[in-house]
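Remarks on the overall topology
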Amino acid sequence: SGNVGIGDTGGAVGGRTLALQDSDAGAMVQLWRQDTSLDGLLGSFTFGNRNYEDEVVAIRAYAHATATNAAEYGGYLSFYTEPPSGVFAERMRILYDGKVGIGTTAPTRAPLHINGGSVTELHMTNTNSAHGTNDGFMIQYDTSKDVGFINMESGGDMYWGVDNNLSMTLLTGG
């Protein structure tokens, strides 16, 4: 059976404001919109502090805006954040077809589309490298210069392969 506690300071819900438990199939929260509209906000989880900002982080679910009938009905998730002294805005979207957009509300490249403005970069590190700006591996596109960079920022050789076979090696010294 399920247990729900609201405003509990201990006991059955472990000090949480709201806890749901289901021992059979897993706890579930469902949010429904009760109208015939085929687009718009379906539900939202919002996080904030009433003393400072009502919204600093939110996850919102929307119906797909181009649906014209129930057979075309779908949805997407939007993730919002607000940086210190910044603007609360959508930062990432997952579309109904699985495309993920970071910095864009209309990702067209599957599965991941990143738009970072005039300089967009993808920075990768692992557990063996440090995690600073000069560590790891970076792919960058600079629109002001119309150039792309691939950089092994922490040093080391770079390898290219085709069909799981090494095709080319670029040594650290060139």
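The structure this text deals with has already been given above.
A few points on the structure. (Residues numbered from 1 in each chain as written. Predicted model: local features only at pLDDT ≥ 70, side-chain atom pairs only at ≥ 80, totals over all residues. Heavy atoms only, no water.)

**A closer look at the nonpolar core**
In plain terms, the rule: Take the buried residues of types Ala, Val, Leu, Ile, Met, Phe, Trp, Tyr and Cys, join any two whose side-chain atoms come within 4.5 Å, and each joined set is a nonpolar core. Exposure categories follow from relative accessible area, calculated using a 1.4 Å probe and restricted to protein chains: below 20% of the type maximum is buried, above 50% is exposed, and the middle band is partly exposed. We call two residues contacting when some pair of their heavy atoms lies within 4.5 Å.
Listed in full, the five residues of the largest apolar core are A58, Y62, Y76, Y80 and L95. In this structure A58 touches S44, F45, T46, S78, F79, Y80 and F88, once residues within four positions along its chain are discounted.

**Quick word on the sheet that holds strand β5 (residues 75–81)**
Each strand in a sheet pairs with another by means of backbone hydrogen bonds, the pair being arranged parallel or else antiparallel. Stated precisely, the cut-off is as follows: Pairing between strands is defined by DSSP: at least two bridges between the two strands are required. Helix and strand assignments come from DSSP, with helices taken as H or I runs of at least 4 residues and strands as E runs of at least 2, each series counted from the N terminus. Orientation is described by axes fitted as lines to C-alpha atoms, over the contacting stretch for helices, and by angles from 0 to 180 degrees between their N-to-C directions.
Strands sit in the order β3-β4-β5-β6-β7-β8 across an open sheet of six strands; the sheet is mixed. Of all strands in the sheet, those with a lone pairing partner are β3 (40–49) and β8 (112–114), marking the two edges. Averaged over neighbouring strand pairs, the angle between their axes works out to 20° when direction is ignored. One ladder, built from three bridges, connects strand β6 (residues 89–94) with strand β7 (residues 100–102); its direction is antiparallel.

**A few points about the pattern of salt bridges**
How we decide: Here, a salt bridge means any Lys or Arg side-chain nitrogen found within 4 Å of an Asp or Glu carboxyl oxygen.
For the structure on display, the rule yields three salt bridges. The closest approach of N and O atoms between D97 and K99, which form a salt bridge, is 3.3 Å. Residue class for D97 comes out partly exposed when judged on its relative accessible area of 41%.

**Side note on a nonpolar patch on the surface**
Rules: Within the patch definition used here, like charges are joined within 9 Å and nonpolar side chains (Val, Leu, Ile, Met, Phe, Trp, Tyr) within 5 Å, considering only residues with over 30% relative accessible area and no salt bridge. Surface accessibility follows the Shrake-Rupley procedure with a 1.4 Å probe radius. Residue values consider only the protein chains on display as shielding.
Together, V29, L31, F45, F47, V57, I59 and L77 make up a nonpolar patch on the protein surface, roughly 580 Å² of accessible area in all. Secondary structure elements with two or more residues in the nonpolar patch: β3 and β4 (53–63). Within the secondary structure layout, L77 lies in strand β5. L77 gets classed as partly exposed once you look at its relative accessible area, which sits at 34%.

**Description of the sheet that holds strand β10 (residues 137–142)**
The strand order β9-β10-β11 describes an open sheet built from three strands, whose pairing is antiparallel. The sheet is open, and its two borders are formed by β9 (119–124) and β11 (147–152), each paired with just one other strand. The average angle at which neighbouring strand axes cross in this sheet is 10°, direction not considered. The pairing of β9 with β10 spans six bridges and is classified as antiparallel. Note on β10: the bridge partner recorded for H123 is M138.

**Looking at the side chain of H113**
We apply this condition: For the purposes of these results, a polar contact is taken to be a pair of N or O atoms within 3.5 Å, where, inside protein, one atom must be able to donate a hydrogen and its partner to accept one; residues adjacent in sequence count only when each atom of the pair is a side-chain atom.
Position of H113 relative to the elements: it lies in strand β8. Residue classification places H113 among the buried residues on the basis of a relative accessible area of 19%. Within polar-contact distance, the side chain of H113 engages the backbone nitrogen of T108 at 3.0 Å. With sequence-adjacent residues up to four places away left out, H113 is seen in contact with V100, G101, I102, T104, A106, P107 and T108.

**Considering the packing of aromatic side chains**
Inclusion rule: When the centres of two rings from Phe, Tyr and Trp lie within 6.5 Å, Trp using its six-membered ring, the rings pair. Their planes under 30 degrees apart give stacked, over 60 give edge-to-face, and anything left gives tilted. When the NZ atom of lysine or the CZ atom of arginine is within 6 Å of a ring's centre and also within 35 degrees of its normal, the charge is said to sit over that ring.
Per the stated rule, a full pass over the model turns up two aromatic pairs. Ring centres of Y62 and Y76 lie 5.2 Å apart, and the angle between their planes is 15°; on these two criteria the pair is classed as stacked. Of this pair, Y62 sits in strand β4 while Y76 is found in strand β5, placing the two residues 14 residues apart along the sequence. We note that Y62, like Y76, is buried. Taking NZ or CZ as reference, R60 lies 4.4 Å from the ring centre of Y80, over its face.

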